[in-house]
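The residues making up each chain are set out below.
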Amino acid sequence: MRAPHSNVTMTSSIHDMFDSIAPRYDFLNGLLSAGRDRYWRKMAVDELEPVADRVFLDVATGTADVALELASRDPAPSRIVGVDFSTAMLRLGKDKVLARNAQSSVRLFSGAAERLPLKSNIFDGAISAFGARNFSNLNDGIREIHRVLKPRGKIVILEFSFPRNGFLQWLYRLYFGKVLPVIGRWISGHKGAYFYLPDSVENFPKGAAFSTVLEENGFASISFKELTFGVVTVYTGFKHA
Ligand SMILES: C[S@@+](CC[C@H](N)C(=O)[O-])C[C@H]1O[C@@H](n2cnc3c(N)ncnc32)[C@H](O)[C@@H]1O
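Below is a short write-up of the structure. For every chain, the first residue of its written sequence is number 1, and the numbers climb from 1 along that sequence. Whole-chain, interface and lining totals are the exception, using all residues; otherwise, since this is a predicted model, local features are given only for residues with pLDDT of at least 70 and side-chain atom pairs are given and counted only at 80 or more. Heavy atoms from the whole structure form the basis of all side-chain values; hydrogens and water molecules are not counted.

What follows is about the site of the ligand. Neighbouring the ligand are 19 residues, the closest being Tyr 25, Arg 41, Ala 60, Asp 84 and Ala 129. We define a polar contact as two N or O atoms separated by no more than 3.5 Å, with the added condition that, inside protein, one atom must be a possible hydrogen donor and the other a possible acceptor, whereas residues neighbouring each other in sequence contribute only through side-chain atom pairs. Arg 41 places a polar side-chain atom, nitrogen or oxygen, 2.8 Å from an oxygen atom of the ligand. Separating a nitrogen atom of the ligand from a backbone N or O atom of Phe 85 is a distance of 3.3 Å. Counting from the N terminus, the helices are DSSP H or I runs at least four residues long and the strands are E runs at least two residues long. Counting residues per element, the shell around the ligand draws most heavily on helix α1 (residues 7-32), which supplies three residues. Throughout, near means a residue has at least one heavy atom within 4 Å of the molecule or strand.

Time to look at the sheet that holds strand β1 (residues 55-59). Reading across from one edge, β3-β2-β1-β4-β5-β7-β6 is the order of the seven strands in this open sheet, with mixed pairing throughout. Pairing within the sheet leaves two strands with one partner each, and these edge strands are β3 (106-110) and β6 (219-227). This sheet shows a mean twist of 15 degrees between the axes of neighbouring strands, independent of strand direction. Of the strand pairs in this sheet, β1 and strand β4 (residues 123-129) are connected by three bridges, and their pairing is parallel. DSSP bridges decide pairing: two strands pair if at least two such bridges lie between them. Interaxial angle, 0 to 180 degrees, is taken between N-to-C directions of lines fitted to C-alpha atoms, where a helix line uses only the stretch in contact.

Glancing now at the pairing of β1. Partly exposed describes any residue whose relative accessible area lies between the buried limit of under 20% and the exposed limit of over 50%, with all areas from a 1.4 Å probe on protein chains only and scaled to the type maximum. Here β1 lies mainly inside the structure; four of its five residues are buried. Pairing of β1 with strand β2 (residues 79-84), which is carried by five bridges, proceeds in the parallel orientation. Across the sheet, Val 55 pairs through a bridge with Arg 79, a residue of β2. Regarding topology, helix α3 (residues 65-71) serves as the crossover connection from β1 to the parallel β2, and that connection is right-handed. Handedness is read with the strands pointing away from the viewer; a crossover is right-handed when the path from the first strand over the helix to the second is clockwise.

Attention shifts here to helix α7 (residues 193-203). Judged by how many residues are buried, α7 sits mostly within the fold: eight of eleven residues are covered. What α7 keeps buried is the set Ala 193, Tyr 194, Tyr 196, Leu 197, Pro 198, Asp 199, Ser 200 and Val 201.

Let us look at the side chain of Asp 84. Here Asp 84 shows up in strand β2. Under the convention used here, Asp and Glu are negative, Lys and Arg are positive, and both His and the chain ends fall outside the count. Any carboxyl oxygen of Asp or Glu within 4 Å of a side-chain nitrogen of Lys or Arg constitutes a salt bridge here. Buried within the structure, Asp 84 lacks any salt-bridge partner; its nearest side chain of opposite charge belongs to Arg 41, at an N-O separation of 11 Å. There is a polar contact of 3.4 Å between the side chain of Asp 84 and the backbone nitrogen of Thr 61. We call two residues in contact whenever any of their non-hydrogen atoms come within 4.5 Å of each other. Every residue in contact with Asp 84, bar those within four places of it in the chain, is listed here: Ala 60, Thr 61, Gly 62, Met 89, Leu 90, Phe 109, Ser 110 and Gly 111.

Right under this line is the structure:
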């Protein structure tokens, strides 16, 4: 486990880390998850119940895969806003939005999850895929999502977790802790990013513990479901009316 950092150091180093791995990020996602990452995002977006005339927020949008998945639904939601603090990730996201001709529905903005540059009570739904475990302050990030949702708005969080089955968990930890960091370092050229990944998953609250975080920050009717033997979990909840 890494030594604890101050929030300021952590925030800027995480920011720099994502800026630096951005060019290889999409490729490594597909490679290291054996293509499952796309399925996980689709399942999480399904939970958001994307329909026409709704407005959605994608927090820590990265290269905009979730925002684009939302935009690909037919009929597409009327507006999708993506926010991320890494300019390099956002630049790639913007290129993808243009390449898919989705610029009329998807807008990407620079900003931190803990202080969203957005007005209160404006979104029907908000999602963060593989973002929340990176927030420098998890409660602040969840509270901000709560603030910008309309009453009865829905939150969806997709995050890594651990398989419950003992053997699968052992196998997964072996892969996640020993194999993935080496491949990630080799391909991304970044020394720490893919060592940080298993550490950040280890430290993130899972299942009932994360449901409590949602509850303590104002969400109700919380539920969660595990995908791919518990490698990831999708959490949902609603802002009170
Ligand atoms: C693992 S990537 C996930 C990107 C995307 N959601 C996906 O599904 O591929 C994490 C993203 O969160 C962003 N991020 C991390 N902490 C953040 C924060 N506090 N505020 C805004 N963005 C943040 C990073 O810049 C990065 O793009």
